[in-house]
Amino acid sequence: MDITILGIESSCDDTSAAVLHNNILLSNCIASQAVHIKYGGVIPELASRAHQQNIIPVVDTALKEAGKTLDDIDAIAFTRGPGLVGSLLVGVSFTKGLSIAGNIPMVEVNHLQGHILSHFIDLPDRKLPHPDFPFLCLLVSGGHTQIVKVSSPLEFEIVGTTIDDAAGEAFDKCAKVMGLPYPGGPVIDKLAQEGNPKAFNFAHPHVDGYDYSFSGLKTSFLYTLRDAVKEDPDFVEKNKADLCASLQHTIVEILIKNLRRAAKDLGIRDIATGGGVSANSGLRNGLVEAGKKYGWRVFLPEFKFTTDNAAMIAMAGYFRYRNGEFSSLDVSPVARLEEMQH
Ligand code: KG4
Ligand code: ZN
């Protein structure tokens, strides 16, 4: 049976809508919110208001670009959580309105599962590589850092998770300390290309199992800067590229170390990554290298599927739809992953 799904994503600061025909992407529109840049981080209240302004034009554009009308849509997949409640509320409420108006069923999606399942999307003119089950996904976003064992499109087991900061937060917070604009991850990535990754040594965490920790690295980065700036006020400016390269190198080392142990212990060779930080060139290169060394098949997402987008929400919604999982009109957004039922 052919299924056409409209996806809606509004968990943080990007308003996005996409249309998928089975797993084939017909459109994927994203309105990013520039309003947060001057504050150096996402301001939840401003994000909700911007979503409210963006959501109708974004959904309208996604439908038009796909050449579809609401009559063609079999279900609306929406991000229920985790994320900022005010932001999620805009997407959830809008979905309910559209569902009532068009008599279209709703399918709720866990944002993080969306990032993972983006690996099953194909483009109209090109098939993309899909991992086989079970595979491991290194999920690295602004709010989460996890190793997830994926046994089917509906079965996820978190094998390791961060006990404090996420990898994206480590990038963003260290960038802030250096006076770089928000979000810091892509800026560090760019500056790192010119720097020496071995110029500085930062702390590696000691955590049990496959869990991660990035707060020690953040502190060690902060202390290095604080001590050096006392000697030379221009230290950061002079060493920006080396600082970025060394920081990125350390984050990538930390991420791949546990992933490698998990892959070995679980005997899994299909390794995927997803989430905003999976756009990082150091991480992408590091995973490809690790793949060669350890005999993995490595799956890197297309850049457009790394940061938040509704295509991945529609993809995850497709699998839930096929499994007969629908949401009722009393569904409400959830902020934290632990509150999600799946
Ligand atoms: O998945 P995402 O778009 O939003 C969340 O669900 O959190 O991830 C955003 C995070 C931010 O921390 C941002 O700095 C980081 O992804 N990011 C990067 C890069 N592009 C985005 N971090 C490192 N290198 C990049 N190229
Ligand atoms: Zn995300």
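Below you will find a few notes about this structure. Not measured: the values here are computed from a predicted model.

Cut-offs applied
Within every chain, residues take consecutive numbers counted from 1 along the sequence as written. To read the labels, note that chains go from A and ligands from 1, taken in the order they are written. Note on the predicted model: pLDDT of at least 70 is required for a residue's local features to be given, and 80 or more for side-chain atom pairs to be given and counted; whole-chain, interface and lining totals, by contrast, use all residues. Side-chain metrics rest on all non-hydrogen atoms present in the structure, leaving aside hydrogens and water. Only nitrogen, oxygen and sulfur atoms within 2.8 Å of the metal, or 3.2 Å for Na, K and Ca, are treated as donors, and water is left out, so sites may look incomplete. The helix count covers DSSP runs of H or I at least four residues long, the strand count covers runs of E at least two residues long, and both are numbered beginning at the N terminus. Type-normalised accessible area, obtained with a 1.4 Å probe on protein chains alone, sets the label of each residue: buried when under 20%, exposed when over 50%, and partly exposed for intermediate values. A pair of strands is treated as paired once DSSP finds two or more bridges between them. Helix axes are fitted only over the stretch in contact, all axes being lines through C-alpha atoms; the angle between N-to-C directions runs from 0 to 180 degrees. By definition, a salt bridge exists where a carboxyl oxygen of Asp or Glu is found within 4 Å of a side-chain nitrogen of Lys or Arg.

Think of it this way: four donors in a tetrahedron around the metal ideally sit 109.5 degrees apart, and six in an octahedron ideally sit 90 or 180 degrees apart. All of the protein donors around the zinc ion (ligand 2) are His111 (NE2), His115 (NE2) and Asp308 (OD); their distances to the metal are 2.1 to 2.2 Å. Counting the intervening residues between successive donors of the zinc ion (ligand 2) yields the motif H-x3-H-x192-D. With His111 and His115 both in helix α3 (residues 111-117), this residue pair falls four residues apart, about one helical turn. A relative accessible area of 6% means that His111 is categorised as buried.

Let's shift gears to the sheet that holds strand β9 (residues 270-274). Across a sheet, strands are paired by hydrogen bonds formed along the backbone, either parallel or antiparallel in direction. Read from one edge of the open sheet, five strands run β8-β7-β6-β9-β10, paired in mixed fashion. If you trace the sheet from one side to the other, it starts and ends with β8 (155-161) and β10 (297-299), each paired once. Within this sheet the neighbouring strands show an average axis-to-axis angle of 25°, counted without direction. Pairing analysis gives six bridges linking strand β7 (residues 145-152) to β8, with the strands arranged antiparallel. Among the inter-strand pairings, Lys149 is bridged to a residue of β8, identified as Glu157.

Let us now look at helix α4 (residues 167-177). Residues of α4 that are buried include every one of Ala167, Gly168, Ala170, Phe171, Asp172, Cys174 and Ala175, and no others. Positive phi shows up at Gly179, right after α4, with a value of about 80°.

Okay, the pattern of salt bridges next. Taken as a whole, this structure holds 18 salt bridges when the rule is applied. Between Arg49 and Glu45 there is a salt bridge, and its shortest N-O distance comes to 3.1 Å. Of this pair, Arg49 and Glu45 are both found in helix α1 (residues 44-66), four residues apart, which corresponds to roughly one turn of the helix. Assessed through its relative accessible area of 48%, Glu45 is described here as partly exposed. With a closest N to O distance of 3.6 Å, Glu169 and Lys173 form a salt bridge. Of the two residues, Glu169 and Lys173 are both situated in helix α4; the distance of four residues between them amounts to about one turn of the helix. For Lys173, a relative accessible area of 32% gives the class partly exposed. Through salt bridges with shared partners, a single network forms among Asp165, Glu169, Lys173 and Lys218.

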